[in-house]
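# Structural overview for review
Given next are the chains, with one letter for each unit.
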Amino acid sequence: MSDKKKELKPNTYKFDTLSLHAGYQPHKNAGSRQVPIYQTTSYLFDDVDHAAALFNLERGGHIYSRISNPTVGVLEERVASLEGGTAALATSSGMSAIFLTVMTLCEAGDHLVVSSQLYGGTVNLFRLTLPKFGIKCTFVKPRDTEGFKKAIQKNTKGIFGELVGNPGNEIMNMPEIAKIAHDAGIPLMVDATYQTPYLCKPFEHGADIVIHSLTKWMAGHGSSMAGILVEGGKFDWMQNDKFPTMTKPYEGYHGLSFAEEFGPTAFTMKARAEGMRDFGPCLSPQNAWNVLQGIETLSVRMKKHCSNAEEMVKYLSNHESVAWVSHPSVPDHPDHELAKKLLPNGRGSMIAFGIKGGKDAGVAFINNVKLASHLANVGDTRTLVIHPASGTHSQMDEATLKFAGLSHDMIRLSVGIEDIDDIKNDFEIGFRAARKPRLVSNQ
Amino acid sequence: MKFKVNGHEVFASTGGRQFDKKKPLIIFVHGSGLTHMTWVLQTRYFAFHGYNALAVDLPGHGLSSGESLKSIEEMADWVSDVIDAVGHKEASLVGHSQGCLVTVECTSRYPNKIKTLSLMGGAGAIPMNPELLSLAENNDPKAVDLMMDWAHGPAGHFGGHPVPGLYHINTGTMLAKSRTIQNTLGVDFRACDNYKNGFDAAKKIKCPTLSILATDDKMCPVKEGKKLASLIQGSQVDIIDNCGHMMLLEEADRVLTVLKKFITTNYPPLSR
């Protein structure tokens, strides 16, 4: 028998267990092992006093499924637990999660500093739509860390970026940019859709709000649209006078101060109480359930996504039809070392590569692959390809395309979890077709 | 609201309602290393139903200034001073965990001031695990992680927060880490460990008292809570199944329902 004293260790559940169980107690749901789909619009009140208490945030519970729903609530808690956050709010899509985040943070006359390497739809939101609400943005290239600092103005309310830029795979130096944000008394908001909490937990690197399009790897099966914002709980909204809607009495709830009352969950409480009430981008319980099914196998899928991606990087890097490959696992990728630090469990399954022959070759490749699907999504279990200049980013003019780091030969690849040999064989078909126009023109 | 006690600024949540001296006062006292926010699912109800609900941040905790008080006896006197500072002559007290030691001691010291006493996850003594105490006093965040693990029952570890979207283990962790651990949790744990007067203090209490206990409470087990309650004349006991030490979050609705009935019966609100 050993005399060695047993070291005390917390026995809170780990990532894989939380993926399956967090946010749900079967004994409170008729013993149902699976999370029930609460397909309902509204919820009975016990009496008038109970109704008033729910409306006034005096007690927890559900009123109307635009504001909250028990199935959606399980998803919210589950993602908050996986991210190491205090609270989360699920929405109908990733874009609505970004919009809700901005509208919870900002008022007309405010300013944001935004990474220039973003999904095309997000660029348009910041560049064209938010100015209509009086919110202006300054775009900074994600590797220009000092540029983020210089772009901060008196009325700047936050910094926003994708952890790994879409589609060029530029990585934000999150710890340094978080420090810049916090020194200025503003939060850092990070879209970590490409990583999922399995690859990176942005709160551990200084982020304050994390946003996901759950439609992608989290749900994973290309079946359902969903988004979420997650709160880290560390940001002190009361440290300065920049966030009066968080700290001052709010007329909509009898003079409630969200920061005073809810502290580390204040942002989420405001986003729900005000944003879901007024904008209403609620997630359907069926879609929440579909996403929950995906999250149950998140770590299993992400391992396979990443191993397949690394195989594809090797294959593409040695291919005669490929001009260049961008993936954080490539040693000469500018952010290779940063990726090791921020993405220790894998560098993700998004690859950008340039096809020799430019735009025509790219079009021929896309039109001839059979297994890889040509569509606008990423993060499906299946392999997906698109030509950004003619697809996701097609609404951008030439100058904006260039600023976003896009080129006409770029193909965006979201590596699926099929057998790796089948993906390579399919790409061979695409590359053969891509070479044909050049052979013809050379004759 | 903010006010001063012994020269130091005190923060207390009023549940989102203006403080009104005409209304009866309920003071909520948090547990070791935590803040007023642990009471958010109880205070707002009372604030909107005829009471001044004052969830205080103990000195050096949350948004209150000053240094953490080093003994339960000092904290008990401080709670009495809070009643004076806000211009009241009497109050109901509600305590959780360490807050139970504080409110029991306060009630025994100031019997004419305290009208009802509600104890959640309470015991007559809370001796600390020496290793946990050492971790907290040495500013090791593992102390918070261990506390959050032990403070939540098996069901609470899964989550299922009554407020949609909140994950309470991470929220509690964030509250306990919001200030320097050794100056809050470390000092509080030492104060709990040193306090020996709980059972004697309980024998002196004559006001209506309620103990809410939980079957899966590892920090203040039911038998310890019952032992304390047995020493308080006429004490009521309510036991929640399948719940841990953080009952005010894990079973917030049940706690509020029991608390509401007890306080409104024994210390009626000002009619709205």
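Residues numbered from 1 in each chain as written. Chains lettered and ligands numbered in written order. Predicted model: local features only at pLDDT ≥ 70, side-chain atom pairs only at ≥ 80, totals over all residues.

Quick look at the overall build of chain A now. From N to C terminus, chain A includes 17 helices and 12 strands. Its C-alpha atoms give chain A a radius of gyration of 23 Å, within 12% of the compact-globule value 22 Å for 443 residues. Dimensions of chain A, computed from the C-alpha atoms along their principal axes, are close to 85 × 60 × 55 Å. Taken over 443 residues, chain A has a buried fraction of 52%. Across chain A, the fraction of contacts at a sequence separation of at least 24, relative to all contacts at a separation of at least 6, is 73%. (Helix = DSSP H or I, 4+ residues; strand = E, 2+ residues; numbered from the N terminus. Rg over C-alpha atoms; globule rule 2.2 N^0.38 Å. Buried ≥ 20, exposed ≤ 12 C-beta atoms within 10 Å, placed from the backbone. Contact = placed C-beta atoms within 7 Å.)

Moving on, we come to the overall build of chain B. Secondary structure summary: chain B contains 12 helices and 8 strands in total. In terms of C-alpha radius of gyration, chain B reaches 17 Å, essentially the compact-globule figure of 19 Å for 272 residues. For chain B, the spread of C-alpha atoms along the principal axes amounts to about 45 × 40 × 40 Å. Within chain B, contacts between residues at least 6 apart in sequence are counted, and of these 78% link residues at least 24 apart.

Residues and elements named next belong to chain A. The terminal C-alpha atoms of helix 13 (residues 298-317) lie 28 Å apart, and with 20 residues this matches the ideal 28 Å at 1.5 Å per residue to within 8%. Those residues of helix 13 lying buried are Leu298, Arg301, Met302, His305, Cys306, Ala309, Met312, Val313 and Leu316. Projected onto a plane normal to the axis of helix 13, the buried residues spread over an arc of 130° and lie on a single side. (Expected span 1.5 Å × (residues − 1). Arc of directions from axis to C-beta.)

Moving on, we come to the sheet that holds strand 2 (residues 111-115) of chain A. Residues and elements named next belong to chain A. Spatially, 7 strands are ordered 1-7-6-5-4-2-3 in an open sheet, and the strand pairing comes out mixed. The sheet terminates laterally at strand 1 (87-91) and strand 3 (136-140), the two strands that pair on one side only. Averaged over all pairs of adjacent strands, the angle between their axes in this sheet comes to 20°, without regard to strand direction. Pairing geometry for strand 1 and strand 7 (residues 227-231), over 5 bridges, is antiparallel. Bridge pairing links Ala87 to Glu231 in strand 7. Contacting strand 1, strand 6 (209-213) and strand 7, helix 3 (residues 70-83) runs over the sheet at an angle of about 130° to strand 1. (Pairing = 2+ DSSP bridges. Axes fitted to C-alpha atoms, helices over the stretch in contact; angles between N-to-C directions.)

Once that is clear, we can look at the packing of helix 4 (residues 94-105) of chain A against helix 11 (residues 266-278) of chain A. All names here are of chain A. The interhelical angle for the contact between helix 4 and helix 11, taken along N-to-C directions, is 100°, at an axis separation of 10 Å. When the axis of helix 4 is compared with that of helix 11, the two are roughly perpendicular. Note on element contacts: helix 11 touches helix 4 through Phe267, Lys270, Ala271, Glu274 and Gly275, opposite Leu100, Met103 and Thr104. When the residues that make up the contact of helix 4 with helix 11 are grouped by side-chain class, the tally is 4 nonpolar, 2 polar and 2 charged. (Parallel < 35°, antiparallel > 145°, perpendicular 65-115°, else oblique. Nonpolar A, V, L, I, M, F, W, Y, C, P; charged D, E, K, R; others polar.)

Attention now goes to the pairing of strand 2 (residues 8-13) of chain B. Residue and element names in this part refer to chain B. Across 4 bridges, the pairing between strand 1 (residues 2-5) and strand 2 is antiparallel. Residue pairing for strand 2: Val5 is matched across the bridge by His8. Remark: 2 residues form the turn of the hairpin made by strand 1 and strand 2, two consecutive strands paired antiparallel; Asn6 in that turn has positive phi of roughly 50°. With 2 bridges connecting them, strand 2 and strand 4 (residues 52-56) associate as antiparallel partners. Its bridge partner being in strand 4, Ser13 is matched across the sheet by Ala55.

A word on helix 1 (residues 40-47) of chain B. A large share of helix 1 of chain B lies buried, amounting to 8 of its 8 residues. Buried residues of helix 1 of chain B: Val40, Leu41, Gln42, Thr43, Arg44, Tyr45, Phe46 and Ala47 of chain B, and no others.

We now examine the pairing of strand 6 (residues 114-120) of chain B. Regular strands show a simple pattern: their side chains alternate between the two faces of the sheet. Residue and element names in this part refer to chain B. Burial of strand 6 is extensive: 6 of the 7 residues sit out of reach of the surface. Sheet topology note: the strand 5 (residues 91-96)/strand 6 ladder contains 6 bridges and is parallel. Across the sheet, Gly95 pairs through a bridge with Leu119, a residue of strand 6. Since strand 5 and strand 6 lie parallel, the crossover through helix 3 (residues 98-109) that links them has a hand, and here it is right-handed. Across 4 bridges, strand 6 lies against strand 7 (residues 209-214) in parallel orientation. (Right-handed = clockwise from strand over helix to strand, strands pointing away.)

Looking now at the domain arrangement of chain A. A common measure of how large an interface is: the accessible area buried when the components associate. All names here are of chain A. Segmentation of chain A into domains returns domain 1 (15-294) and domain 2 (299-442). Inter-centroid distance (C-alpha atoms) of domain 1 to domain 2 is 30 Å. Looking at the side of domain 1 that touches domain 2, the elements that each hand over two or more residues are helix 1 (15-21), helix 5 (120-129) and helix 8 (196-199). (Domains from an automatic or database assignment.)

Turning our attention to the sheet that holds strand 3 (residues 25-29) of chain B. Residues and elements named next belong to chain B. Across the sheet, 8 strands lie side by side as 1-2-4-3-5-6-7-8; this open sheet has mixed pairing. With one partner strand each, in any of the chains shown, strand 1 and strand 8 (236-240) form the two edges of the open sheet. On average, each strand axis in the sheet is inclined to that of its neighbour by 25°, with strand direction left out of account. Docked against the sheet, helix 2 (residues 72-85) engages strand 1, strand 2, strand 3, strand 4 and strand 5, running at close to 125° with respect to strand 1. Most of the contacts of helix 10 (residues 222-230) go to strand 7, to which it runs at about 170°, and overall it touches strand 7 and strand 8.

Our next topic: the interface of chain A and chain B. The partner chain B presents 35 residues to the 46 residues of chain A that form the contact. Of all the elements in the fold, those that place two or more residues in the side of chain A that touches chain B are helix 3, strand 1, helix 10 (258-262) and helix 11 of chain A. Residue composition of the side of chain A that touches chain B, grouped by class: 15 nonpolar, 22 polar and 9 charged.

Moving on: the nonpolar core. Ranked by size, the top nonpolar core spans 221 residues in total, and within it Leu229 and Ile351 of chain A together with Ile26, Ile27, Leu54 and Val79 of chain B carry the most contacts. The residues that make up this core include at least three from each of domain 1 (15-294) and domain 2 (299-442) of chain A. Apart from the residues within four sequence positions on either side, Leu54 of chain B is in contact with Ala12, Thr14, Leu25, Ile26, Ile27, Phe28 and Val86 of chain B. (Core = buried A, V, L, I, M, F, W, Y, C linked by C-beta atoms within 7 Å.)

What follows covers the packing of helix 4 (residues 130-137) of chain B against helix 5 (residues 142-151) of chain B. Residue and element names in this part refer to chain B. One can describe the packing of helix 4 onto helix 5 by two numbers: an axis separation of 8 Å at closest approach and a directional angle of 135°. Here helix 4 lies oblique to helix 5, going by the angle between them. Within the contact between the two elements, helix 4 uses Leu132, Leu135 and Ala136 and helix 5 uses Lys142, Ala143 and Leu146. Broken down by class, the residue content of the contact of helix 4 with helix 5 amounts to 5 nonpolar, no polar and 1 charged.

What follows deals with unusual backbone geometry. Its identity is not glycine, yet His254 of chain A carries a phi of approximately 50°, on the positive side. Residues other than glycine seldom take positive phi values, yet Ser97 of chain B does so here, at roughly 55°. Checked against the element boundaries, Ser97 of chain B lands in the loop between strand 5 and helix 3.

In this section: the confidence of the model for chain B. The pLDDT averaged across chain B works out to 95; a share of 100% of its residues lies at or above 70. This prediction of the complex comes with two scores: 0.94 for pTM and 0.93 for ipTM. (pLDDT = per-residue confidence, 0-100.)

A word on the environment of Pro328 of chain A. Structurally, Pro328 of chain A can be placed in the loop between strand 8 (322-326) and helix 14 (336-342). Sequence spacing of Pro328 of chain A and Ala339 of chain A is 11 residues, and the spatial spacing of their C-alpha atoms is 6.1 Å.

The next thing to look at is the environment of Ile114 of chain B. Residues and elements named next belong to chain B. Mapping Ile114 onto the fold places it in strand 6. Looking at Ile114, the number of C-beta atoms within 10 Å reads 25, which means it is buried. Counting along the chain gives 11 residues from Ile114 to Thr103, while the straight-line C-alpha distance between them is 9.2 Å. Dropping the residues within four chain positions of it, Ile114 is found in contact with Ala91, Leu93, Cys106, Thr107 and Cys207.

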